[in-house]
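Residue-level structural notes
The primary structure of each chain is shown beneath.
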Number of protein chains: 2
Amino acid sequence: MNKITSIQNELIKEVLALHSKKGREEHGKYMIEGMKLFEEAISSGEIIESVFVSETFPQKNLLEENSSAELKKYIKNLNIYEVSAKIMKNISDTETPQGLAAVIKKKDYDISNIINSDRLLILDRIQDPGNLGTIIRAADAFGISGIVALKGTVDAYNMKVVRSTMGSLFHLPVVYTDEADVLFKKLVDSSFDILVTHLDGKEYINQTKLGDKCAIVIGNEANGVCEDIIKFATKLVKIPMKGKAESLNAAMAATVVMYQMMIRG
Amino acid sequence: MNKITSIQNELIKEVLALHSKKGREEHGKYMIEGMKLFEEAISSGEIIESVFVSETFPQKNLLEENSSAELKKYIKNLNIYEVSAKIMKNISDTETPQGLAAVIKKKDYDISNIINSDRLLILDRIQDPGNLGTIIRAADAFGISGIVALKGTVDAYNMKVVRSTMGSLFHLPVVYTDEADVLFKKLVDSSFDILVTHLDGKEYINQTKLGDKCAIVIGNEANGVCEDIIKFATKLVKIPMKGKAESLNAAMAATVVMYQMMIRG
């Protein structure tokens, strides 16, 4: 295993650049942390550019300790670097680094990757990284085939988002687009039902009829779905509620709607 | 309006003490921040011990600016204090204080307050404040009549929890108990169905038959429901999932189960 001892090393500089959205876009890569996400990345077929393990990482000798022959072979071909605990602390986005970080190649998805799906989720300016991560995880669990993030949505490759997806980011395409008009026109042309969740919704999500192809739009945490997008809705829907709470947070609302879409088929 | 100019003022010392669980327990009070939560506390009939407004708070003259005669009368009887921006920053739990903080009397709920309900939520060691707040908000939205928090669950009066409940904390009783055995014995005696969510669940939550009285148990974020509690389950249930995600986070799982219980009646 190669050792990196200086924070000035070019590879380390690159990893640090991936902490920002600008850096991730320039390099076309992002960073993950921890053994669990790393294994999930491997099993999902992600392209792993490089791996950094702390000299104090208990599972440092990945090659030896991993039992699966397939994984061993795979890991043998990876660029693995040992770094000092200090460098790992610099690389890491968390207070207590997990001792392993890896650089993954970003996938370049566009609308053509998701337009033939039957269950889409469209996000209008979801800003909280934890919410986005949760939503991606729920989308994966409830059979959504693709996500489109409109302008103003936080970057899905943000390290906090990646962490809270628990690997679901590897399982379905997340497409970023600034051209909402183009997207919705394509959805209409492809016979998508476009459901917008709205407090003034006319139908309850558990009673509305779902088309063969459905896109559900979830809006910004504070302001909901913007008017320019509501105009594309084929249906305004709402979540049934029984108590005194006025609303749900964006991640919960998305979770409930996706769950409901799944159980109704 | 009385002015407080010193951080050594006894009332300010008390507010600061409410930042810790120990302080909240000693005083039997907790703190809320922001006009929205404050109004929600009033309309929910909470007992407001004192109110602190920053000298720079735009809605400082609550009495004059609020239109409802009833609210005016109510506010007239409150102990409102003007404090400097510096004191407000000290009192506040957030980076950007909202300019209003209020001290509310804690309600002392016990199991007798919830045992006659028909839909209960039981939390086994939910540790993340954001998760607990989200769960309380969803419980309110989906018609849960009471929550029991078992030993190891974060304090619902923690300021981050209070914030993320968005006022739902005022709407339903949250009972803390260390005596899980006593609780479950009472639930069994009161003919409750006790549903435990579990990855090895035998029935899907959307297919299981729900009794007239139902308690659903949600477990710790990392470890799920502990074995000592699983033994009380009348049913192990699971959430249907379609994708590659292994699980949902605790708040999402709770949200989906409560939603499902509500729509099935």
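The present account deals with the structure reproduced in this document. (Residues numbered from 1 in each chain as written. Chains lettered and ligands numbered in written order. Predicted model: local features only at pLDDT ≥ 70, side-chain atom pairs only at ≥ 80, totals over all residues. Heavy atoms only, no water.)

Digging into the packing of helix H7 (residues 129–141) of chain A against helix H11 (residues 250–264) of chain A
Residues and elements named next belong to chain A. As a packed pair, H7 and H11 sit with axes 9 Å apart at the nearest point and diverge in direction by 5°. Comparing the axis directions of H7 and H11 gives the class roughly parallel. Residue-level inspection shows Asn131, Thr134, Ile135, Ala138, Ala139 and Ala141 of H7 in contact with H11, the latter providing Ala250, Ala251, Ala254, Thr255, Met258 and Met262. Grouping the constituent residues of the contact of H7 with H11 by class yields nine nonpolar, three polar and no charged. (Axes fitted to C-alpha atoms, helices over the stretch in contact; angles between N-to-C directions. Helix = DSSP H or I, 4+ residues; strand = E, 2+ residues; numbered from the N terminus. Parallel < 35°, antiparallel > 145°, perpendicular 65-115°, else oblique. Contact = heavy atoms within 4.5 Å. Nonpolar A, V, L, I, M, F, W, Y, C, P; charged D, E, K, R; others polar.)

Structural notes on the pairing of strand S9 (residues 193–197) of chain B
Each regular strand shows side chains that alternate between the opposite faces of the sheet. All names here are of chain B. Counting buried residues along S9, five of its five residues qualify, which places the element largely inside the surrounding structure. Burial of the side chains of S9 extends over both faces: Asp193, Leu195 and Thr197 are buried on one face and Ile194 and Val196 on the other. The sheet contact formed by S9 and strand S11 (residues 214–219) spans four bridges and is parallel. Looking at the pairing, Ile194 lines up with Ala215 of S11. (Buried < 20%, exposed > 50% of the residue type's maximum accessible area, 1.4 Å probe, protein only. Pairing = 2+ DSSP bridges.)

Quick word on the sheet that holds strand S1 (residues 2–4) of chain A
Backbone hydrogen bonds are what pair the strands of a sheet, in a parallel or an antiparallel way. Residues and elements named next belong to chain A. Here we have five strands laid out as an open sheet, ordered S1-S4-S3-S5-S2, and mixed in their pairing. Bordering the open sheet on either side are S1 and strand S2 (29–33), each of which pairs with just one other strand. Sheet twist, expressed as the average angle between the axes of neighbouring strands with direction ignored, equals 25°. Pairing between strand S3 (residues 48–54) and strand S4 (residues 80–83): four bridges, direction parallel. Looking at the pairing, Ser54 lines up with Val83 of S4.

Observations concerning the relation of the copies chain A and chain B
With an RMSD of 0.0 Å, the operation that places chain A on chain B is a rotation of 180° combined with a shift of 0.0 Å along the axis. Within this description, the copies of the chain are treated as partners about a two-fold rotation axis. The share of interface residues of chain A whose copies in chain B are also at the interface is 100%, consistent with both copies meeting through the same surface. (Least-squares fit on C-alpha atoms with pLDDT ≥ 70 in both.)

Quick look at the sheet that holds strand S2 (residues 29–33) of chain B
Residues and elements named next belong to chain B. Taken in spatial order, the five strands of this open sheet run S1-S4-S3-S5-S2, and their pairing is mixed. In this open sheet, the two edge strands, each paired with only one partner strand, are strand S1 (2–4) and S2. Averaged over all adjacent pairs, the angle separating strand axes in this sheet is 25°, with direction ignored. The pairing of strand S3 (residues 48–54) with strand S5 (residues 100–105) spans five bridges and is classified as antiparallel. What sits directly across from Ser50, in S5, is Val103. The strands touched by helix H1 (residues 10–17) within the sheet are S1, S2, S3, strand S4 (80–83) and S5, with S3 carrying the most contacts at an inclination of about 100°.

Focus on the interface of chain A and chain B
Counting residues at the interface gives 31 residues for chain A and 31 residues for chain B. When the buried surface of chain A facing chain B is broken down by residue, Arg137(A), Met252(A) and Tyr259(A) rank first, second and third, together holding 22% of it. Run the count over chain A and chain B and you get two salt bridges. Note that Glu246(B) and Lys36(A) form a salt bridge whose closest N and O atoms lie 3.7 Å from each other. (Buried area = accessible area lost by both parts, 1.4 Å probe. Salt bridge = Lys/Arg side-chain N within 4 Å of Asp/Glu carboxyl O.)

Take it as geometry only, folks, not as evidence of what the structure does.
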